[in-house]
Amino acid sequence: AVAVPRGDGWAQLSGNDVGVLLGHHLLTEGDASGARFVAMSIVSSPLLGVIAKRLGVGCEETLTGFKWIANRAMDVEAATGARFVFGYEEALGYSVGTLVRDKDGVSAAYVAAGLASALKTRGETLASRLEAIHREYGFFASGQRSVTARGADGMAAIAATMKAFRERPLASLGGLAVVATRDYQTGLRTEAGGATAPIGLPPSNVIAYELEGGSRVMLRPSGTEPKIKFYFDVREEIAAGEGYAE
């Protein structure tokens, strides 16, 4: 984890914040030769994907669980010859380069310390760099809510919730139009107009709603606990001169 000074104490950055800081640093200040790509789990913030696209770098999404990131990286390398730069999941898991084909806190801490040191020589901080990234590429507020449902009745309730969302497609959510729905169980992305396209990932019991403006809501049952998890990523553009805290 990474913490930054805030007020009279310290504030821990989220897994997404650290992933975006490290990914952006490696893409903008690392070796830019040849074809490159990054990878992240489907529940991680879309921000790194936005950055990669703007920089002309590939971005691979995988199912939740770091084994998927490492294996996808090796598959893409073998198929395309592109170079894997960085991979992460929002639950504080990071992989830098190709030395360790798994999440590795040592290499991630090394890069984070190097970034903090380089920023300090320029009169910047990790917090100010994160703000600059948000101002350039868009601010993503990410959150998660887990609802516990124990026992056989709980499992049935979770299954019924997933079934209900599949049977009643949403046209809008939170006042934002649903641009497309991704059902990772069927492997299809369905646009609001009805057009479909394959997602290209193994089946998984996950539903994602892409909302206008780049926001997103996802839901999935936990694979290890009696819970259903909801993930929220709200994108806002920061206007010139607008206060960051606001």
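Residues numbered from 1 in each chain as written. Predicted model: local features only at pLDDT ≥ 70, side-chain atom pairs only at ≥ 80, totals over all residues. Heavy atoms only, no water.

S.K.: Sorry if this is basic, but what is going on with the nonpolar core here?
M.R.: Soluble globular proteins: nonpolar side chains tend toward being buried together. Residues L22 and F86 are the most contacted members of the largest nonpolar core, which totals 32 residues. Those elements that place two or more of their residues in this core are α1 (15–29), β3 (36–41), α2 (47–54), β5 (83–89), β6 (93–96), α4 (105–121) and α5 (126–137). Broken down by element, this core gets its largest block of residues, six residues, from α1. Leaving out residues up to four positions away in the same chain, L22 has contacts with F86, Y94, A108, V111 and A112. M162, V178, Y209 and F230 belong to the second largest nonpolar core, which has 11 residues in total. (Core = buried A, V, L, I, M, F, W, Y, C linked by side-chain atoms within 4.5 Å. Buried < 20%, exposed > 50% of the residue type's maximum accessible area, 1.4 Å probe, protein only. Helix = DSSP H or I, 4+ residues; strand = E, 2+ residues; numbered from the N terminus. Contact = heavy atoms within 4.5 Å.)

S.K.: Would you mind going over the packing of α1 against α4 with me for this structure?
M.R.: When two helices pack together, their arrangement is given by the angle between the helix axes and by the axis-to-axis distance. Following both chains from N to C, one finds α1 and α4 inclined at 70°, their axes separated by 10 Å at the closest point. As summarised for this structure, α1 and α4 are arranged roughly perpendicular, according to the angle between their axes. Here α1 contributes L21, L22, H25 and L26 to the contact with α4, which in turn contributes A108, V111, A112 and L115. Here the contact of α1 with α4 is composed, by residue class, of seven nonpolar, one polar and no charged. (Axes fitted to C-alpha atoms, helices over the stretch in contact; angles between N-to-C directions. Parallel < 35°, antiparallel > 145°, perpendicular 65-115°, else oblique. Nonpolar A, V, L, I, M, F, W, Y, C, P; charged D, E, K, R; others polar.)

S.K.: Could you clarify how one ought to interpret the sheet that holds strand β4 (residues 58–62) in this entry?
M.R.: Strand pairing in a sheet relies on backbone hydrogen bonds, with the paired strands running either antiparallel or parallel. What the four strands build is an open sheet, ordered β4-β3-β5-β6; its pairing is mixed. Single-partner strands in this sheet number two, and they are β4 and β6. Taken over all neighbouring pairs, the strand axes of this sheet differ in orientation by 15° on average, direction set aside. As paired strands, β3 and β4 are joined by five bridges and run parallel to one another. Each residue of the ladder has a partner; that of S41, found in β4, is T62. Across the sheet, α1 is in contact with β3, β5 and β6; its angle to β5 comes to roughly 170°. (Pairing = 2+ DSSP bridges.)

S.K.: Would you mind showing me how to read the side chain of E90 here?
M.R.: Here E90 shows up in the loop between β5 and β6. Although E90 is buried, it makes no salt bridge; R220 carries the closest opposite charge, 6.1 Å away. Discounting residues that sit within four places of it in the chain, E90 has contacts with G15, N16, S41, V43, S44, Q144 and Y231. (Lys, Arg positive; Asp, Glu negative; His and termini not counted. Salt bridge = Lys/Arg side-chain N within 4 Å of Asp/Glu carboxyl O.)

S.K.: What should I look at first to understand the packing of α1 against α2 in this one?
M.R.: Interaxial distance between α1 and α2 falls to 10 Å at its minimum, and their mutual angle equals 10°. As summarised for this structure, α1 and α2 are arranged roughly parallel, according to the angle between their axes. In contact with V20, G23, H24 and L27 of α1, α2 contributes L47, L48, I51 and A52. Class assignment for the residues of the contact of α1 with α2 results in six nonpolar, two polar and no charged.

S.K.: Sorry if this is basic, but what is going on with the pairing of strand β2 (residues 9–12) here?
M.R.: Consecutive residues of a regular strand have side chains that alternate between opposite faces of the sheet. Across four bridges, the pairing between strand β1 (residues 3–6) and β2 is antiparallel. Each residue of the ladder has a partner; that of V4, found in β2, is A11. Taking the residues that link successive antiparallel strands as the turn, the β1-β2 hairpin has two residues, and the phi of G7 there is positive, at about 65°.

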